[in-house]
Amino acid sequence: AAKMSAPTMEERKACWGARDELWQCLDRHTEDDTKCKELRLAFEARCPQQWVKYFDRRRDFLKYKKKLETEGYHPPEAAGKS
């Protein structure tokens, strides 16, 4: 049953807590979500559907950013200009 009303503070806390646990699990298991299935289900159960979508997109974005930071962003001026 999807509730469309805004989540209460309690519900938000539960959602964020579930998200943090899931994300920590994914970090520990290098994104292997089979290892984090229970946490994923808890996250989806505790968060409104549109939040789940938002947080998933947010995590992808953060991972992409981190990848750029660790693997190095190559500034354009370094590209064959001598």
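As the structure is a computational prediction, the values presented were derived from the model and not from experiment.

Enquirer: Any chance you could break down the state of the cysteines for me, citing the residues and the numbers?
Expert: Within the structure shown, the criterion is met by two disulfides. Between the sulfur of cysteine 15 and that of cysteine 47 lies a disulfide, 2.0 Å long from S to S. What sets the handedness of the cysteine 15 and cysteine 47 disulfide is the S-S torsion sign, and at about 105° it is right-handed. Of this pair, cysteine 15 sits in helix H1 (residues 9-28) while cysteine 47 sits in the loop between helix H2 (37-46) and helix H3 (49-71); the two residues are 32 residues apart in sequence, bridging distant segments of the chain. Residue classification places cysteine 15 among the buried residues on the basis of a relative accessible area of 0%.

Enquirer: If you had to explain the pattern of salt bridges to someone new, which residues and values would you point to?
Expert: Throughout the structure, instances matching the rule amount to eight salt bridges. The shortest N-O distance in the salt bridge between lysine 63 and glutamate 31 comes to 3.4 Å. Of this pair, lysine 63 sits in helix H3 while glutamate 31 sits in the loop between H1 and H2, and the two are 32 residues apart along the sequence. For lysine 63, a relative accessible area of 35% corresponds to the partly exposed category. Where aspartate 56 meets arginine 40, a salt bridge forms, and the shortest distance between an N and an O atom there is 2.8 Å. Highlighted residues: aspartate 56 in helix H3 and arginine 40 in helix H2, separated in sequence by 16 residues. Judged by its relative accessible area of 25%, aspartate 56 falls in the partly exposed class. Three or more residues joined by partner-sharing salt bridges are found here, namely Asp27, Glu31, Arg59, Asp60 and Lys63.

Definitions and limits used
Residues numbered from 1 in each chain as written. Predicted model: local features only at pLDDT ≥ 70, side-chain atom pairs only at ≥ 80, totals over all residues. Heavy atoms only, no water. Disulfide = S-S within 2.5 Å. Helix = DSSP H or I, 4+ residues; strand = E, 2+ residues; numbered from the N terminus. Buried < 20%, exposed > 50% of the residue type's maximum accessible area, 1.4 Å probe, protein only. Salt bridge = Lys/Arg side-chain N within 4 Å of Asp/Glu carboxyl O.

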